[in-house]
Amino acid sequence: MAQIIHLDEFQEARRESRKRAGANAHLARALQILKENLADAAAALRDAPPEQEHELLARVENLAAMVRYGARMLGSGRVHAAK
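Keep in mind it's a predicted model, so treat the numbers as computed, not measured.

Student: Looking at this structure, I do not really get the environment of Leu38. What am I missing?
Tutor: Within the fold, Leu38 resides in helix 1 (residues 7–46). Distance from Leu38 to Val67, taken between C-alpha atoms, is 8.6 Å for residues 29 residues apart in sequence. Among residues more than four places away in sequence, those in contact with Leu38 are Val60, Leu63, Ala64 and Val67.

Student: Sorry, what's going on with the pattern of salt bridges here?
Tutor: Opposite charge on two side chains permits them to pair, given that their charged atoms come into close proximity. According to the stated counting rule, one finds one salt bridge in the structure shown. The residue Glu55 makes a salt bridge to Arg59 at a minimum N-O spacing of 3.1 Å. Residue Glu55 and its partner Arg59 are both found in helix 2 (residues 50–74); the two are separated by four residues, about one turn of the helix. A residue is classified by how much of its surface remains accessible, and Arg59, at 38% relative accessible area, is partly exposed.

Student: What is the right way to look at helix 1 in this model?
Tutor: Owing to its 3.6 residues per turn, the α-helix aligns residues three or four sequence positions apart on the same side. In this model, helix 1 (40 residues) spans 59 Å end to end at C-alpha, consistent with the 58 Å of a helix rising 1.5 Å per residue. Residues of helix 1 that are buried: Leu27, Leu31, Leu34 and Ala41. Looking at the packing, one finds that the buried side of helix 1 touches helix 2.

Student: Help me understand the nonpolar core, please; the structure alone is not making it clear to me.
Tutor: As a rule of thumb, soluble globular proteins bury nonpolar side chains together. Leu31, Leu34, Ala41, Val60, Leu63, Val67 and Ala71 form the largest nonpolar core, which has seven residues in total. At the level of elements, helix 1 and helix 2 are the ones that each hand at least two residues to this core. A total of four residues in this core trace back to one element, the largest contributor, which is helix 2. Leave out the neighbours within four places in its chain, and Leu31 touches Val67, Gly70, Ala71 and Leu74.

Student: Quick question: what am I supposed to make of the packing of helix 1 against helix 2 here?
Tutor: If you want to describe how two helices pack, look at the angle between their axes and the distance between the axes. Close contact between helix 1 and helix 2 brings their axes to 9 Å; oriented N to C, the two are set at 155°. Taken together, the axes of helix 1 and helix 2 lie roughly antiparallel to each other. Crossing of helix 1 over helix 2 shows left-handed handedness. Among the residues forming the contact of helix 1 with helix 2, the class breakdown is 19 nonpolar, three polar and three charged.

About the thresholds
Counting restarts for each chain, with residues numbered from 1 along the sequence as it is written. Since the coordinates come from a predicted model, pLDDT governs what is reported: local features require at least 70, and pairs of side-chain atoms require 80 or more to be given and counted, while whole-chain, interface and lining totals use all residues. Here the side-chain values reflect all heavy atoms present in the structure, with hydrogen atoms and water set aside. Only DSSP runs of H or I reaching four residues or more are called helices, and only runs of E reaching two or more are called strands; each is numbered from the N terminus. Contacts are residue-level and defined by heavy atoms, with any inter-residue pair within 4.5 Å sufficient. Any Lys or Arg side-chain nitrogen located within 4 Å of an Asp or Glu carboxyl oxygen qualifies as a salt bridge. Buried residues are those whose accessible area, probed at 1.4 Å on protein chains only, stays under 20% of the maximum for their type, while exposed residues exceed 50% and partly exposed ones sit between those limits. In this scheme, a helix's expected span is set at 1.5 Å multiplied by one less than its residue total. Buried residues of nine kinds, namely Ala, Val, Leu, Ile, Met, Phe, Trp, Tyr and Cys, make up a nonpolar core once their side-chain atoms join them within 4.5 Å. Only C-alpha atoms enter the line fits that serve as axes; for helices the fit covers just the stretch in contact. Angles between N-to-C directions range over 0 to 180 degrees. Under this scheme an angle from 65 to 115 degrees is roughly perpendicular, one under 35 degrees roughly parallel, and one over 145 degrees roughly antiparallel; angles in between are oblique. Whether a crossing is left-handed or right-handed is set by the direction in which the near helix is turned from the far one by less than a right angle, anticlockwise for left-handed and clockwise for right-handed. In the scheme used here, Gly and all other residues not listed as nonpolar or charged are polar, with Ala, Val, Leu, Ile, Met, Phe, Trp, Tyr, Cys and Pro taken as nonpolar and Asp, Glu, Lys and Arg as charged.

See the structure below:
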C-alpha cells in the first residue's frame, strides 16, 4: 500500500526551525550586549561617587535580571561568569 507524504508539513517544520535558529542567534547577540553593559555598569559603580551609586546599583540589578531572563530564554539555565 502506498504511503502519502505531506511535503507541506516538512517544509513548514523546516521554516519554523530556521526561524528559531535565527531568533536564537539574535537573542544570543542581545545577551552578549547585555553582559557587556552589565560589566560596564559594575565597573562604573566601583569608582562612582556616592551620589551616583543608587542609580548605578539599579542599572546593575536591571541588567542582571535581563541577562538571567535572556539566558533562560536560550535554555541555558545558567549564566557564565564574565572574565
